[in-house]
Amino acid sequence: MTPTDVAPGALLALDLDGTLLGPQGEVPPDLSGELHAWAGAGAHLALLTARGRVPPELRDWPLHTVTRCYGAWAEQAGQPLWSWPLPDATVGAAIEAIRLSDRRVGKTLLVTADPGGIVRGPHPAFETSWPQAREVLKVVRGDTPARLDALAQDWSVLGGTELIRERDTRLVLIHRGAGKGAALRDLTTRLGVPRARVVAAGDGPADAAMLPHAGTFIRVGTPPALSGASVGVAGPHDLPDALARLRAALWAHDRHGDPRPTGHDLRLP
């Protein structure tokens, strides 16, 4: 993690899986160099990931802020910034809303603030281990679309929470205000970066919450939830080039007073 003690010239907020990493976890060859170029130009780099753990392979990236479980937990310059765990009673109610017979076959995941405390089901020890989980940042349930539709109804009445439907077969419960949109909004406010200088990128429904808080949003792939993005690229391997062109355009504005570029100005596919 890279320390920061000056107001950044821009904020680059990036999703991880499907945005920076390919389907098999592969890293585009030019990505690290481009991220370092942004940091060298004075940008603050933030990684906003749904993961409960940040891969160690990212330790050489010039990241200033990292959030886990969307925006439920954040670290900046190696120090905890905030944490929004679900109340224990809410976690209990969420698990009890899943029938015991279903818990024995479908995937249930409790992701905790301590990356080593993740509880997974189905597992022989799940029924005895999940009540012991503390500081749960998210509850994940994988099941058929019909069963998740019904579970979403049950979870929707749990106070102080919000739901994320990552896909038809995965439903996530987090603390209210712990999504990526709120995380980006709060980070922008803390850093004092104007919205016009915020560039974000993502590839899925959870990333759509960042759209209102970014001056420029790069859509990776063709997710319908991100149809309002100003820039579109086909996949992670195309992202470094898009970032390079945006970086050049943003800092050209600083040097020459040109109008702030938009994704449409860049004419990216």
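Rules used throughout
Residues numbered from 1 in each chain as written. Predicted model: local features only at pLDDT ≥ 70, side-chain atom pairs only at ≥ 80, totals over all residues. Heavy atoms only, no water. Pairing = 2+ DSSP bridges. Helix = DSSP H or I, 4+ residues; strand = E, 2+ residues; numbered from the N terminus. Axes fitted to C-alpha atoms, helices over the stretch in contact; angles between N-to-C directions. Contact = heavy atoms within 4.5 Å. Patch = residues over 30% accessible without salt bridge, like charges linked within 9 Å, V, L, I, M, F, W, Y side chains within 5 Å. Areas by Shrake-Rupley, 256 points an atom, 1.4 Å probe, with all protein chains shown as cover. Salt bridge = Lys/Arg side-chain N within 4 Å of Asp/Glu carboxyl O. Lys, Arg positive; Asp, Glu negative; His and termini not counted. Charge placed at Lys NZ, Arg CZ, Asp CG, Glu CD. Buried < 20%, exposed > 50% of the residue type's maximum accessible area, 1.4 Å probe, protein only. Phe/Tyr/Trp six-rings, centres within 6.5 Å; stacked < 30°, edge-to-face > 60°. Lys NZ or Arg CZ within 6 Å of the ring centre and 35° of its normal.

Peer 1: Describe the sheet that holds strand E7 (residues 119-121), and please don't skip the residues or the numbers.
Peer 2: Within the open sheet, the five strands sit side by side as E7-E6-E8-E10-E9. Their pairing is antiparallel. With partners counted over all chains shown, the strands left at the sheet margins are E7 and strand E9 (161-167), one partner each. Neighbour-to-neighbour, the strand axes of this sheet turn through a mean angle of 15°, independent of strand direction. In this structure, E9 lies alongside strand E10 (residues 170-175), joined through six bridges in antiparallel fashion. In the strand pairing of E10, Leu-163 is matched with Leu-173. Contacts between helix H5 (residues 145-155) and the sheet are confined to strand E8 (136-142), E9 and E10, with E10 contributing the most and set at about 20° to the helix.

Peer 1: Quick rundown of a positive patch on the surface? Include the residues and the values.
Peer 2: Among the surface-exposed residues, Arg-53, Lys-107, Arg-120 and Arg-167 lie close enough to one another that they form a single positively charged patch. The topology assignment puts Lys-107 in strand E6 (residues 107-112).

Peer 1: Let's hear about the pattern of salt bridges: which residues, and what values?
Peer 2: For the structure shown, the criterion picks out 14 salt bridges. Between Asp-88 and Arg-134 there is a salt bridge, with the nearest N and O atoms lying 3.5 Å from each other. Taken together, the residues span a long stretch of sequence, with Asp-88 in helix H2 (residues 88-96) and Arg-134 in the loop between helix H4 (126-129) and E8 at a distance of 46 residues. Relative accessible area serves as the criterion here: at 42%, Asp-88 is assigned to the partly exposed category. Residue classification places Arg-134 among the partly exposed residues on the basis of a relative accessible area of 46%. Residue Arg-147 is joined to Asp-102 by a salt bridge in which the shortest nitrogen-to-oxygen separation is 3.7 Å. Here Arg-147 is found in helix H5, whereas its partner Asp-102 is found in helix H3 (residues 100-103), with 45 residues between them in sequence.

Peer 1: I'd love a proper account of the sheet that holds strand E13 (residues 231-233), names of residues and values included.
Peer 2: Here we have eight strands laid out as an open sheet, ordered E5-E4-E3-E2-E1-E11-E12-E13, and mixed in their pairing. The outermost strands of the open sheet, each flanked by one partner alone, are strand E5 (79-83) and E13. Each strand axis lies, on average, 15° off the axis of its neighbour in the sheet, ignoring direction. Sheet analysis places strand E11 (residues 198-202) next to strand E12 (residues 216-220), joined by four bridges and oriented parallel. Of the residues in E12, the one forming a bridge with Ala-201 is Ile-218. Helix H1 (residues 31-40) rests against strand E1 (10-14), strand E2 (43-48) and E11 of the sheet, and its axis sits at about 135° to E2. Across the sheet, helix H6 (residues 180-191) touches E1, E2, strand E3 (65-68), strand E4 (73-76), E5 and E11, and the angle it forms with E2 is around 160°.

Peer 1: Which residues make up the environment of Pro-28, and what are the values?
Peer 2: Following the sequence through the fold, Pro-28 ends up in the loop between E1 and H1. Along the backbone, Pro-28 and Leu-243 are 215 residues apart, and their C-alpha atoms lie at a distance of 12 Å.

Peer 1: Give me the lowdown on the packing of aromatic side chains, citing residues and values where you can.
Peer 2: What the rule picks out here adds up to one aromatic pair. The ring of Trp-73 has Arg-68 lying over it, and the distance from NZ or CZ to the ring centre is 4.1 Å. Over the ring of Trp-251 we find Arg-197; its NZ or CZ atom is 5.3 Å from the centre of that ring.

Peer 1: Just give me the short version of unusual backbone geometry, but keep the residues and values in it.
Peer 2: In the segment running from Gly-121 into Pro-122, the intervening peptide bond is cis, with an omega of 5°. Of note, Pro-122 is situated in the loop between E7 and H4. The backbone of Glu-135 sits at a positive phi, close to 55°, despite the residue not being glycine. Relative to the assigned elements, Glu-135 resides in the loop between H4 and E8. According to the relative accessible area criterion, Glu-135 is partly exposed, its value standing at 47%.

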